[in-house]
Structure formats: structure tokens, C-alpha cells
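Now for the letters of each chain:
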Amino acid sequence: MWKGRFQEQTAELLQTYSESISFDWRLWPFDIAGSIAHAAALEKAGLITKAEWEAIASGLRQIGEEIAAGQFVFKAELEDIHMNIEAELTRRIGDAGAKLHTARSRNDQVALDIRLCLREESDRILALLKAMQDALVELAGRYEHVVIPGYTHLQRAQPVFFAHHLLAYVEMFARDCERLDDCRKRINVFPLGSGAIAGSTILLDRALVAELLGFPSLTQNSMDAVSDRDFAIELLSALAIVAMHLSRLSEDVILWASSEFRFLTLSDAFTTGSSLMPQKKNPDVAELTRGKTGRVYGNLMSLLTLMKGLPMTYNRDMQEDKEAIFDSIDTVKAALGVFAPMLREAVVNEQSCAAAVADPNLLATDLADYLVNHGVPFRKAHEVVGKAVALCAQRRCELTELSVQDYQGLSSAFGADVLDVLRVERSMAARQAVGAPSPANVAAQLARWRTRLQAGGAQ
Ligand code: ARG
């Protein structure tokens, strides 16, 4: 492409070192769509004839079909997807192909291709997040009445509905959708026409090309447009947060599937056995998802670090953005894609949940609240119930096994109905604040999410 300036061939070592076709080939649909739209502006400006425009468009479409069919041979010596496609087009249609790169640089071309790619991939990820929310809501709804211990510090804290626990993740994924949606606005800005750095002396109708490609607005500074990867960093950071949420859910699933918890049984289809221990059934999907979070974080750090020292404007370093971007997209899509069906096949072990939630200590706070309702200041009530728990530890019994007299010995505010407080149903029914897990609240939240997800919006 630059044979005019150079007398010697590029060293093979450099070709191998600098090629990006091995990973940027997947930008082909966007490169072709971008070039067809660009050619429309060339035609409008009278720089190519209608016949040339048609030759370019049909030539590019044909190349696209061949790539899609796996029949196109990419050449490393042509470096990247942009030059592979342009060179082949020119080989096929001659001069019209050689006119395609008028008023365009690979710097604005690659910016366009990545933006088109990320716009499409964000939409796919949004759909997968919605499917994930659907699976969580479905599982929550299937076990709407199951209560489990809620944990802080991984110590039993207070009872919660299993559905309430799952709906917490639905909220997280809703915020992830909002972040992706917001990031999409900044992805969806049209950079072509910025040229290599300073636009072009040849005036093309940028707005026309933007419209053909569905962009609502144009970049306003050519230098910024060719050197900006903020939108990709934003996407990678939004994906890092998605991965973090998936990783936390993974951790819960791994704990729940353990013999110690036994809250959840994963289906055979989504677990693996051991080559040595015949009894094993391992939650590999969740473990891999937790593990893959590391590379999604790493990709974000790579891109931030890649960009931090670059002087304006385009620098070849930026070619290194793609593998990080693609890897985060592929990793998060794969994780969401396998997690949702795994959850749909999961079975909750209601007996184990009931056994765990029968721990009366989960209701110690309820006892303190009882005292507050009988006029005891909360700090004092906390101390009294603490003493009751200590007494149980000493006697090796449960709060339910202390007598009314035992309670009254600790505080005269305890009435004959004190043991009634230690019922889980009563505790759940009382948790009526907005956001708290009373049965009515959880039912209302399930209904709210079902309606929202059916309406198509993931938030
Ligand atoms: N393969 C390059 C990249 O991915 C395309 C842009 C090349 N531009 C240049 N001036 N060498 O960044």
C-alpha cells in the first residue's frame, strides 16, 4: 500500500510482528458496511460514478459472502482487515476499488469499525443480561416460599426468602444494563471523515454516511475521533462489573451446591465429575465464571495502560486494543450464555433450606425488636438478647428452649408470648419496609420484574 515511498520489502519478521488480521478479521462485516456507505458519499461528491459505486458495493458484498462462507483467504502481508478487503476489491474491480480510500484513512476506518462492532456487541450483551434476569426471576418464582438464612461475614444473620436473594442479582444486572445502555450512547458517534488526523481537503457528506450506518451524531474533532478509545474502555469497565456480579453469584452457587449447605442441586448437564473421585459433582460453570473474571479485569487494565502514555493522535499501539476488547466481549457473552440455562435447570433443596433456617439464632434480632416494642431502648435490648444467646451457649441449647421464666429473668419486659417471636413466618411477615423481604413485598417484586422483563426492557 505504501510502495511509492519504499524501495525495500517489509521484513518478514515485521510482517509477522505487526499483522492484526489474525484477530481483526472479525471486523469484516463492519468494514464492508462502512466502505459501502463511504462509497455512497464519494459518489454524491462526484468522485466516483454511479457504475463505480455499484461495482464497489457489489464487489464488497461478494467478498463478504466469501468471508462468511469461510472461502476468503486472508493474507498476513496485507496486515489487517482493512487492507485485505481493499486489496482484494481492487484486484477484482480495478480502478474503482483504488478510489475507495479517497478522503479516508485506516485511522478513522478502524475507529468506525470498532464502534460499529461494539454497538452490535453491546446489544447482544444486553439481550443476554435480560435472559439472565429472566432465568433468575423464573428460579426465584419457582421457590417463592423458600426461606434461607441470609449471611453477613458468611455467618448466619437473618432469614430471607431465597427469591429475595436472587432478586438482588436481578437488580445488579439491571444496573449493568443501564451502564451498557449509557456507554452505547458514546459508542454510537460517527468518526469517519476524520481522516488520518486532520480530516481531508476533499469534502464529503459525513452526515449522509452517518445516517446510512445509523449513527445519530458525528464526532466534532478529527484528532479526538482517531485517537479516542474511551468508549471501549467504558464498555470494558461495564463488562468488568458484569463479570464481578457473575463471579459473586458463582460464589453463592458454589457454596449452595456444597454438601455443607446443600441448598441447591445443579443438573448433571451443567456439572462435571472427577476422573478420580467417583462421588464428585463439581460446579465448574460457576468456578470457571469466577475464574474468567480475572481476564475481564485484566483486559480493562490492559486498555487503560495501553492508552495512558499515548501522545495525540493515532499510534500503532492502539492496534493492541482489539484482543482485549474481543476477549472481554466473548468471555462475558459465554458466561451469561451458559449461566442462564444452568440456573433454569437448578433445583432448590427445600428440606436443607428449612433445616438451616430453623436456627433460632437467626431471630435474635427479632427478640431485641420485641423488647423495643415493649419500651426497652434498643441498646439495652441488644444486651439482654446477647445474654440470652450466651445462656444458650452455656446450656448448649437453643433460644427456643429457654423458658418464659428464663427470659423474664433477663428482662421484665418479656411477656408470656416471647416464644411466639421465634417463628420464621412471623419474622418474615413483619419485614414490610420498602425493599425488605415480607412475603407480600417479595411477591410484588417478582411481579414487577416479570412485567418489566416481558415488556422487553431489561431495567
Ligand atoms: N490495524 C490498525 C489498528 O488496528 C489499523 C490502523 C492502522 N493505521 C496506521 N496508520 N497504521 O489500529
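Residues numbered from 1 in each chain as written. Predicted model: local features only at pLDDT ≥ 70, side-chain atom pairs only at ≥ 80, totals over all residues. Heavy atoms only, no water.

Participant: How should the overall build of the chain be read in this particular structure?
Facilitator: Helix and strand counts for the chain come out as 19 helices and six strands. The C-alpha atoms of the chain give 30 Å as radius of gyration, which overshoots the globular expectation for 459 residues (23 Å, by more than 25%). Its C-alpha atoms give the chain principal-axis dimensions of about 100 × 50 × 40 Å. A sequence separation of at least 24 residues applies to 75% of the contacts in the chain between residues at least 6 apart. Just so you have it, the chain exposes about 22200 Å², and 54% of that area is on carbon and sulfur atoms. (Helix = DSSP H or I, 4+ residues; strand = E, 2+ residues; numbered from the N terminus. Rg over C-alpha atoms; globule rule 2.2 N^0.38 Å. Contact = heavy atoms within 4.5 Å. Areas by Shrake-Rupley, 256 points an atom, 1.4 Å probe, with all protein chains shown as cover.)

Participant: Sorry if this is basic, but what is going on with the site of the ligand here?
Facilitator: With respect to spatial proximity, the complete set of residues near the ligand consists of Ser20, Asp80, His82, Arg106, Asn107, Val110, Tyr314, Arg316, Gln319 and Lys322. A distance of 3.0 Å separates a nitrogen atom of the ligand from a polar side-chain atom of Asp80. When isolated, the ligand has an accessible area of 340 Å², and the protein chains bury 87% of it. Classifying every residue of the shell around the ligand gives two nonpolar, four polar and four charged. (Near = heavy atom within 4 Å. Polar contact = N/O pair within 3.5 Å; in protein donor to acceptor, adjacent residues only side chain to side chain. Nonpolar A, V, L, I, M, F, W, Y, C, P; charged D, E, K, R; others polar.)

Participant: Please explain the pattern of salt bridges as it appears in this structure.
Facilitator: Close approach of charged atoms lets side chains of opposite charge pair. Inspection of every chain in the model, using the stated rule, returns 34 salt bridges. Between Glu79 and Arg106 there is a salt bridge; the shortest N-O distance is 2.9 Å. A residue pair is termed long-range when its members are at least 10 positions apart, and Glu79 in the loop between α4 (50-68) and α5 (81-93) and Arg106 in helix α7 (residues 106-142) qualify at 27 residues. Assessed through its relative accessible area of 23%, Arg106 is described here as partly exposed. (Salt bridge = Lys/Arg side-chain N within 4 Å of Asp/Glu carboxyl O. Buried < 20%, exposed > 50% of the residue type's maximum accessible area, 1.4 Å probe, protein only.)

Participant: Honestly, the state of the cysteines in this entry has me stumped. Any pointers?
Facilitator: The bond known as a disulfide is covalent and runs between the sulfur atoms of two cysteines. Evaluated as defined, the whole model comprises zero disulfides. Among the cysteines around Cys117, which has no disulfide bond, Cys183 carries the closest sulfur, lying 13 Å off. For Cys117, a relative accessible area of 2% gives the class buried. (Disulfide = S-S within 2.5 Å.)

Participant: In this structure, what is going on with the side chain of Asp327? I would like to understand it.
Facilitator: Residue placement: Asp327 occurs in helix α13 (residues 321-344). Ignoring any residue separated from it by four or fewer positions in sequence, one finds Asp327 in contact with Arg295 and Asn299.

Participant: Help me out: how do you make sense of the packing of aromatic side chains in this one?
Facilitator: Counted by the stated rule, this structure contains nine aromatic pairs. On the numbers, 5.5 Å between centres and 50 degrees between planes, the contact of Phe190 with Phe215 is tilted. Taken together, the residues Phe190 in strand β3 (residues 189-190) and Phe215 in the loop between α9 (206-212) and β4 (217-218) connect sequence positions 25 residues apart. With relative accessibility at 1%, the residue Phe190 sits in the buried group. Ring geometry for Tyr370 and Phe414: centres 5.9 Å apart, planes at 20 degrees, overall stacked. Pair noted here: Tyr370 is in helix α15 (residues 364-373) and Phe414 is in the loop between α17 (404-410) and α18 (424-430), with a separation of 44 residues, a long-range link. For the pair formed by Tyr370 and Phe414, the shared burial category is buried. (Phe/Tyr/Trp six-rings, centres within 6.5 Å; stacked < 30°, edge-to-face > 60°.)

Participant: Help me understand the pairing of strand β1 (residues 147-152), please; the structure alone is not making it clear to me.
Facilitator: Both faces of the sheet carry side chains from a regular strand, because those side chains alternate between them. Here β1 runs beside strand β2 (residues 155-161); their pairing, made up of six bridges, is antiparallel. The residue of β2 that forms the bridge with Tyr151 is Arg156. Remark: two residues form the turn of the hairpin made by β1 and β2, two consecutive strands paired antiparallel; His153 in that turn has positive phi of roughly 55 degrees. (Pairing = 2+ DSSP bridges.)

Participant: So what exactly am I meant to see when it comes to the packing of helix α3 (residues 28-44) against α4 here?
Facilitator: Contact geometry of α3 with α4 gives a least axis separation of 9 Å together with a crossing angle of 175 degrees. Considering the angle they form, α3 stands roughly antiparallel to α4. Contacts between α3 and α4 involve Trp28, Ile32, Ser35, Ile36, Ala39, Ala40 and Glu43 on the former and, on the latter, Lys50, Trp53, Ile56, Ala57, Leu60, Arg61, Ile63, Gly64, Ile67 and Ala68. In terms of residue class, the contact of α3 with α4 is built from twelve nonpolar, two polar and three charged. (Axes fitted to C-alpha atoms, helices over the stretch in contact; angles between N-to-C directions. Parallel < 35°, antiparallel > 145°, perpendicular 65-115°, else oblique.)

Participant: Mind showing me how you'd approach unusual backbone geometry here?
Facilitator: A negative phi angle is the norm for most residues apart from glycine, just as the trans form is the norm for most peptide bonds. Cis geometry marks the peptide bond from Met312 to Thr313; its omega dihedral reads 5 degrees. Phi is positive for His153, which is not a glycine, with a value near 55 degrees. Among the secondary structure elements, His153 is positioned in the loop between β1 and β2. Look at His153 and you get exposed, because its relative accessible area is 75%. Non-glycine residue Arg262 carries a positive phi angle of around 60 degrees. Within the secondary structure layout, Arg262 lies in the loop between α11 (230-256) and β5 (264-265).

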